[in-house]
Amino acid sequence: DDGYFTYDPGFTSTGSCQSKITYIDGENGVLLHRGYPIEELAEHSDFMEVCYLLLHGELPTAKEKKDFEHNITYHTMLHEQIHAIYRGFRRDAHPMALMVGVVGALSAFYHDSLDISDARQREIASHRLIAKVPTIAAMAYKYSVGQPFVYPRNDLGFAENFLRMTFAVPAEEYKVNPVVAKAMDKIFILHADHEQNASTSTVRVAGSSGANPFACIAAGIASLWGPAHGGANEAVLAMLRQIGHKDRIPEFIKRAKDKDDPFRLMGFGHRVYKNYDPRAAVIRKSCHEVLDALGIRDEPLLDLAMELERIALHDEYFVERKLFPNVDFYSGIILQAVGFPTSMFTVLFAVARTVGWVAQWNEMIEDPEQRISRPRQLYTGHDKRSYTPINKR
Ligand code: SDX
């Protein structure tokens, strides 16, 4: 009524806030995918089944699941020419830079023949992205360590294939640890979709112009890279290493509360959850399972993280602001134990979130009311004024 246009960053003029895919109740720490609680999916389902659910709205029958998995598996290999793109990057480039570049480059291989108004062609593009992003991710790691690329295999499941492409070397047979594969599959489930987060909104806004899905997903990857979003899992490990010992926790808690100090408790807080992030609880439990399976009896970073959580959740600053651990707080501890460098943590987030991005992109394109996203602004600049010649300035 004061003439100001209040703009909710989550809303775009495409009405993209209307979605049937994921529901979050931030006050009560509830996360549902097509109505199913994330805790039940993490416990009883697997990532391929959750991908089907997110894309099609229902859990698959045994045949539907088998056909879907076959379709994804048989599209995991990349066009051989794509391998050359990696050579254009420095070896020490951040793997997320390669992800943005190589996923975007898929447009050059699959875009021309793609008609996004055709549901079947959208489905094919969606499957290609879900199938090829893990291969691109594993190759980004191989390129960074100077090891040869490992081709996907059709006799392995999604998580096993990814682990083998990442860690196998030609010199010896790679055996996948089933507990690690299960934990990775669970981590993929927990990161698959999350309503209108920054990177999903980016994909929707990019897609609302009719841009091809490969370029839209590359835009989503770029948004996810930020430390306030998907980059937080990498930042949590750096923070824990910086704290170093539980005796130093009070010093960092004090810094996190100091408005003049840019330091924030990474992995804490959320734009929507004002209660415990349900995904963080599942991941914390998996930490112990994976460390046990790997024979890691004592992980100082996990002990430090749990002590940091305990202290923070008894501090009025965090309690008053309802700042709880989010999905990124514990995930890095598992990923580090499995052998991933911290630079790959956000890449893994992108591998998982690709299905959420393509599901939300499809939902937007299928919306008959869908229009190009064109958020308005609150103008706070100069009133109209006349040009001043340079000799009079
Ligand atoms: C993800 O949106 C999604 O769904 C994202 C995601 C997904 O699955 O896609 O869930 C994944 O991005 C999880 C978030 C990962 N990011 C981090 O862990 C980075 C650390 N967290 C913060 O930067 C922060 O909590 C954000 C970015 C997540 C939210 O920032 P906001 O919107 O500013 O938080 P807020 O409005 O709830 O803040 C309320 C207050 C503010 O202080 P006051 O102005 O009230 O004094 O809490 C403070 C904030 O300064 N605050 C923190 C804090 N997070 C918020 N203070 C210290 N440490 C923090 N982590």
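Above this text is the structure in question.
Residues numbered from 1 in each chain as written. Predicted model: local features only at pLDDT ≥ 70, side-chain atom pairs only at ≥ 80, totals over all residues. Heavy atoms only, no water.

A. Seen up close, the sheet that holds strand β2 (residues 30–33). Spatially, 3 strands are ordered β1-β2-β3 in an open sheet, and the strand pairing comes out antiparallel. Among the strands making up the open sheet, the edge pair consists of β1 (22–25) and β3 (36–37). Note that β2 and β3 share 2 bridges and pair antiparallel. Note that in β3 the partner of L32 across the bridge is P37. (Pairing = 2+ DSSP bridges. Helix = DSSP H or I, 4+ residues; strand = E, 2+ residues; numbered from the N terminus.)

B. Structural view of the environment of S107. Topologically, S107 is positioned in helix α6 (residues 107–110). Residue S107 is classed as buried on the basis of its relative accessible area, which comes to 12%. For S107 and N212, which are 105 residues apart along the polypeptide, the C-alpha to C-alpha distance reads 7.1 Å. Once residues within four sequence positions are removed from consideration, S107 is found in contact with D112, N212, F214 and A215. A distance of 3.5 Å separates a polar atom in the side chain of S107 from the backbone nitrogen of A215. (Buried < 20%, exposed > 50% of the residue type's maximum accessible area, 1.4 Å probe, protein only. Contact = heavy atoms within 4.5 Å. Polar contact = N/O pair within 3.5 Å; in protein donor to acceptor, adjacent residues only side chain to side chain.)

C. Region of the structure containing the pairing of β2. Judged by which residues are buried, β2 turns out to be one-sided: L31 and H33 face inward and are buried, whereas V30 and L32, on the alternate face, are not. Of the pairings in the sheet, the one linking β1 to β2 comprises 4 bridges and is antiparallel in character. Counted as the bridge partner of I24 is L31 from β2. A loop of 4 residues connects β1 with β2, the two strands running antiparallel in sequence, and G29 in this loop sits at a positive phi of about 65°. Counting the residues between successive antiparallel strands, the hairpin from β2 to β3 contains 2 residues, one of them, R34, with a positive phi of roughly 50°.

D. Region of interest: the packing of aromatic side chains. By the definition in use, this model includes 17 aromatic pairs. Relative to F167, the ring of Y141 lies with its centre 5.9 Å away and its plane at 65°, an arrangement referred to as edge-to-face. Taken together, the positions of Y141 in helix α7 (residues 119–145) and F167 in helix α8 (residues 158–167) put the pair 26 residues apart, joining distant regions of the chain. With a centroid separation of 6.0 Å and an interplanar angle of 75°, the aromatic rings of F162 and F188 are classed as edge-to-face. (Phe/Tyr/Trp six-rings, centres within 6.5 Å; stacked < 30°, edge-to-face > 60°.)

E. View of empty space enclosed by the protein. Counted under the stated rule, the structure contains 1 cavity of 30 Å³ or more. Roughly 40 Å³ of volume is contained in the largest cavity. In terms of lining residues, the largest cavity is bounded by M77, L78, H83, T135, M139, F149, V150, Y151 and P152. Split into classes, the residues belonging to the lining of the largest cavity amount to 7 nonpolar, 2 polar and no charged. (1 Å grid on protein atoms, 1.4 Å probe; cavity = no way out; pocket = protein on both sides within 12 Å on 5 of 7 lines; lining within 4 Å. Points joined across faces, edges and corners; volume = space filled by probe spheres on them. Nonpolar A, V, L, I, M, F, W, Y, C, P; charged D, E, K, R; others polar.)

F. Layout of the site of the ligand. Residues in contact with the ligand amount to 25 residues; listed here are only the nearest, H194, H270, R271, K274 and R279. In the model, an oxygen atom of the ligand is placed 3.2 Å from a nitrogen or oxygen of the R321 side chain. A distance of 2.9 Å separates an oxygen atom of the ligand from a polar atom in the side chain of N326. In the complex, 80% of the free accessible area of the ligand, which totals 1100 Å², lies under the protein chains. Placement of the ligand is best described as lying within the largest pocket. Across the shell around the ligand, the residue classes break down as 10 nonpolar, 7 polar and 8 charged. (Near = heavy atom within 4 Å. Areas by Shrake-Rupley, 256 points an atom, 1.4 Å probe, with all protein chains shown as cover. Sits in = over half its atoms within 2 Å of the grid points.)

G. Unusual backbone geometry, seen in detail. One non-glycine residue, E195, adopts positive backbone phi at about 60°. Position of E195 relative to the elements: it lies in the loop between α9 (178–190) and α10 (198–207). For K322, which is not glycine, the phi dihedral falls at a positive 55°.

H. Focus on α10. Within α10, the full set of buried residues consists of S199, T200, S201, V203, R204 and G207. At its buried positions, α10 is contacted by α11 (213–224) and α18 (345–366).

I. Region of interest: the layout of surface pockets. When its volume is computed, the largest pocket comes out at roughly 1300 Å³. Taken together, 46 residues line the largest pocket, and the ones lying closest to its centre are A228, G269, H270, R271 and V272. Counting residues per element, the ones that place at least two in the lining of the largest pocket are β1, α10, α16 (316–320) and α18. The element that contributes the greatest number of residues to the lining of the largest pocket is β1, accounting for 3 residues. Classifying every residue of the lining of the largest pocket gives 20 nonpolar, 13 polar and 13 charged.

J. Focus on the packing of helix α14 (residues 278–293) against helix α17 (residues 328–338). Close contact between α14 and α17 brings their axes to 8 Å; oriented N to C, the two are set at 25°. Judged by the inter-axis angle, α14 sits roughly parallel to α17. Judged by the sense of rotation from one axis to the other, the crossing of α14 with α17 is left-handed. Here A280, I283, R284, S286, C287, V290 and L291 of α14 come into contact with α17, specifically with Y330, S331, I333, I334, A337 and V338. (Axes fitted to C-alpha atoms, helices over the stretch in contact; angles between N-to-C directions. Parallel < 35°, antiparallel > 145°, perpendicular 65-115°, else oblique. Left-handed = near helix turned anticlockwise from the far one by under 90°.)

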